[in-house]
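Each chain, written out:
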Amino acid sequence: MKKVITIAAALMLAPGFATAESFQDAFEMNRAMYGKNHTFKWNGKQYSTNHEEEVEAAVAATKENALDLIAKAKAKNKEVAELGFEWRLTGGILTDAEKAVEAGDFRKALDLAAQAKYHARMGIQQHADAQKSWHLSVPQ
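Everything in this summary refers to the structure shown in the same document. Worth saying up front: this structure is predicted, and the values here are computed from it rather than measured. Here the residue numbering is sequential within each chain, running from 1 through the sequence in written order. Note on the predicted model: pLDDT of at least 70 is required for a residue's local features to be given, and 80 or more for side-chain atom pairs to be given and counted; whole-chain, interface and lining totals, by contrast, use all residues. Heavy atoms from the whole structure form the basis of all side-chain values; hydrogens and water molecules are not counted.

Let us look at the overall build of the protein. Each helix corresponds to a stretch of at least 4 residues labelled H or I by DSSP, and each strand to a stretch of at least 2 residues labelled E; elements are numbered beginning at the N terminus. Secondary structure assignment for the protein yields six helices and two strands. When the helices and strands of the protein are listed from N to C terminus, the series reads α-α-β-β-α-α-α-α. Accessible area is worked out with a 1.4 Å probe on protein chains only. A residue is then buried under 20% of its type maximum, exposed over 50%, and partly exposed in between. A buried classification covers 26% of the 140 residues belonging to the protein.

We now examine helix α2 (residues 23-34). Here a helix's expected span is defined as the number of its residues, less one, multiplied by 1.5 Å. Here α2 contains 12 residues, and its C-alpha end-to-end distance of 16 Å stays within 8% of the 16 Å for a straight helix at 1.5 Å per residue. Within the span of α2, buried status applies to A26, F27 and N30. Looking straight down α2, one finds its buried side chains confined to an arc of 100°; they lie on one side. At the C-terminal side of α2, G35 shows a positive phi close to 80°. By definition, the arc is the one covered by directions from the helix axis to the C-beta atoms.

Quick look at the packing of aromatic side chains now. Only rings of Phe, Tyr and Trp enter the pairing, Trp through its six-membered ring, and a pair is recorded when the two centres are within 6.5 Å. The plane angle decides the type: under 30 degrees is stacked, over 60 is edge-to-face, the rest tilted. Throughout the structure, instances matching the rule amount to seven aromatic pairs. With a centroid separation of 6.4 Å and an interplanar angle of 65°, the aromatic rings of F27 and F40 are classed as edge-to-face. Separated by 13 residues along the polypeptide, F27 in helix α2 and F40 in strand β1 (residues 39-42) bring together distant segments of the chain. Linked through ring pairs, F23, F27, F40, W42 and Y47 together constitute an aromatic cluster.

Moving on: the packing of helix α5 (residues 88-102) against helix α6 (residues 106-133). One can describe the packing of α5 onto α6 by two numbers: an axis separation of 8 Å at closest approach and a directional angle of 160°. Considering the angle they form, α5 stands roughly antiparallel to α6. Our pair here, α5 against α6, has a crossing hand that is left-handed. Facing L89, T90, I93, L94, D96, A97, A100 and V101 of α5, the residues of α6 in contact are F106, K108, A109, L112, A113, Q115, A116 and H119. The residue inventory of the contact of α5 with α6, partitioned by class, reads 11 nonpolar, three polar and two charged. Note on method: axes are straight lines fitted to C-alpha atoms, helices fitted across the in-contact stretch only, with angles between N-to-C directions ranging 0 to 180 degrees. For classification, angles of less than 35 degrees are called roughly parallel, those exceeding 145 degrees roughly antiparallel, those between 65 and 115 degrees roughly perpendicular, and all remaining angles oblique. Crossings are classed by handedness, with left-handed meaning an anticlockwise turn of the near helix from the far one by less than a right angle and right-handed meaning a clockwise turn. Whether two residues are in contact is decided by their heavy atoms: any pair within 4.5 Å suffices. Charged residues are taken to be Asp, Glu, Lys and Arg, nonpolar residues to be Ala, Val, Leu, Ile, Met, Phe, Trp, Tyr, Cys and Pro, and polar residues to be all remaining types, Gly included.

For the rest of this paragraph, the subject is the packing of helix α4 (residues 63-83) against α6. Contact geometry for α4 and α6: axes closest at 8 Å, N-to-C directions at 20°. In terms of their interaxial angle, α4 and α6 are classed as roughly parallel. Crossing of α4 over α6 shows left-handed handedness. Across from K63, N65, A66, L69, I70, K72, A73, K76, N77, E79, V80 and L83 in α4, the residues of α6 making contact are F106, A109, L110, A113, A114, A116, K117, A120, R121, G123, I124 and H127.

Right, dumping it as structure tokens:
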């Protein structure tokens, strides 16, 4: 029985056999299997496994770019806070990003700002998911 389960699991994880129904499924599967900076094909087109925030952070490590991304991350975090789904750790990441700018480590600041913005975006997605399925939390 274990051999059958192992073989079935291997077939499911093999890139040649795994198919994704939606772009999100394809993205998540490829991101999980290969990490960031990987290119995959879906519906005949090439896509990257980078999150949009990682793309935003892949700019020249300058003070101006770091401050710009921090401002965008703060705006996105404010948006999720107004929904009541702000993640507790995001504020600390933003503070660390600002400290990195003060220290002149603009690459670190960009990476931290991207992480904070990603967390805020996931909080917004979490809110949307909760709105769709809130009824599942109500006892019957």
